[in-house]
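# Overview (structure and organization)
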Amino acid sequence: MDERNKPEEIKDCCGGKTKERTEKEYRDLINRLSRIEGQVRGVKRMVEEDVYCTDILIQVSAINAALNSFNKVLLADHIRTCVTEDIRQGKEETIDELVLTLQKLMK
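Residues numbered from 1 in each chain as written. Predicted model: local features only at pLDDT ≥ 70, side-chain atom pairs only at ≥ 80, totals over all residues. Heavy atoms only, no water.

Below, the discussion takes up the pattern of salt bridges. When the charged atoms of two side chains lie near each other, side chains of opposite charge can form a pair. The final tally for this structure, using the stated rule, is six salt bridges. Lys17 serves as the salt-bridge partner of Glu97, at 2.5 Å between the closest nitrogen and oxygen. Note that Glu97 is positioned in helix α4 (residues 93-105) and Lys17 in the loop between α1 (8-11) and α2 (23-48), a separation of 80 residues in sequence. For Asp86, the salt bridge is made with Lys91, and the minimal N-O distance between the two is 3.9 Å. The buried category is assigned to Asp86, whose relative accessible area is 17%. (Salt bridge = Lys/Arg side-chain N within 4 Å of Asp/Glu carboxyl O. Helix = DSSP H or I, 4+ residues; strand = E, 2+ residues; numbered from the N terminus. Buried < 20%, exposed > 50% of the residue type's maximum accessible area, 1.4 Å probe, protein only.)

Structure (structure tokens):
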């Protein structure tokens, strides 16, 4: 799979670990993020246009829900692929990594 125009600093984040995704997985994640990005731009515009606070708060809540949904999809995929494969290969440290990740997500 290609590097899909990733900046060098992103390619080398996370201790050099990478994840090859199917074209469908990649497209679905990018589409979700693009929608969220559009929602954030919409909230910025609302602030610039002095929209009433409650209306902005409702939109921010929708963004939070969309990000949570994105995390759920990504986490499920991570467990089904990366974690499962590492466990099959005897890499028990992956379980500790998953537990730490879940603790960070549950703050």
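Anyway, onward from the coordinates.
Packing of α2 against helix α3 (residues 53-88) leaves a shortest axis separation of 10 Å and a crossing angle of 165°. With respect to their mutual orientation, α2 and α3 come out roughly antiparallel. Judged by the sense of rotation from one axis to the other, the crossing of α2 with α3 is left-handed. Across the contact of α2 with α3, the residue classes tally to 16 nonpolar, three polar and four charged. (Axes fitted to C-alpha atoms, helices over the stretch in contact; angles between N-to-C directions. Parallel < 35°, antiparallel > 145°, perpendicular 65-115°, else oblique. Left-handed = near helix turned anticlockwise from the far one by under 90°. Nonpolar A, V, L, I, M, F, W, Y, C, P; charged D, E, K, R; others polar.)

Now for α2. The end-to-end C-alpha distance of α2, which contains 26 residues, comes to 37 Å, matching closely the 38 Å that a straight helix rising 1.5 Å per residue would cover. Among the residues of α2, Leu29, Ile36, Gly42, Val43 and Met46 are the ones counted as buried. On its buried face, α2 is in contact with α3. Of the residues one or two after α2, Asp50 is the one with positive phi, at around 55°. (Expected span 1.5 Å × (residues − 1). Contact = heavy atoms within 4.5 Å.)

Summing up the model confidence of the protein, the mean pLDDT is 89 and the portion of residues at 70 or higher is 86%. α1 is the least confidently modelled element of the protein, averaging 48 in pLDDT, while α2 averages 97, the highest of any element. (pLDDT = per-residue confidence, 0-100.)

Together, Ile87, Ile95 and Val99 line one region of the surface with nonpolar side chains, adding up to about 210 Å² of accessible area. Looking at the element boundaries, Ile87 is found in helix α3. Its relative accessible area of 36% is what places Ile87 among the partly exposed residues. (Patch = residues over 30% accessible without salt bridge, like charges linked within 9 Å, V, L, I, M, F, W, Y side chains within 5 Å. Areas by Shrake-Rupley, 256 points an atom, 1.4 Å probe, with all protein chains shown as cover.)

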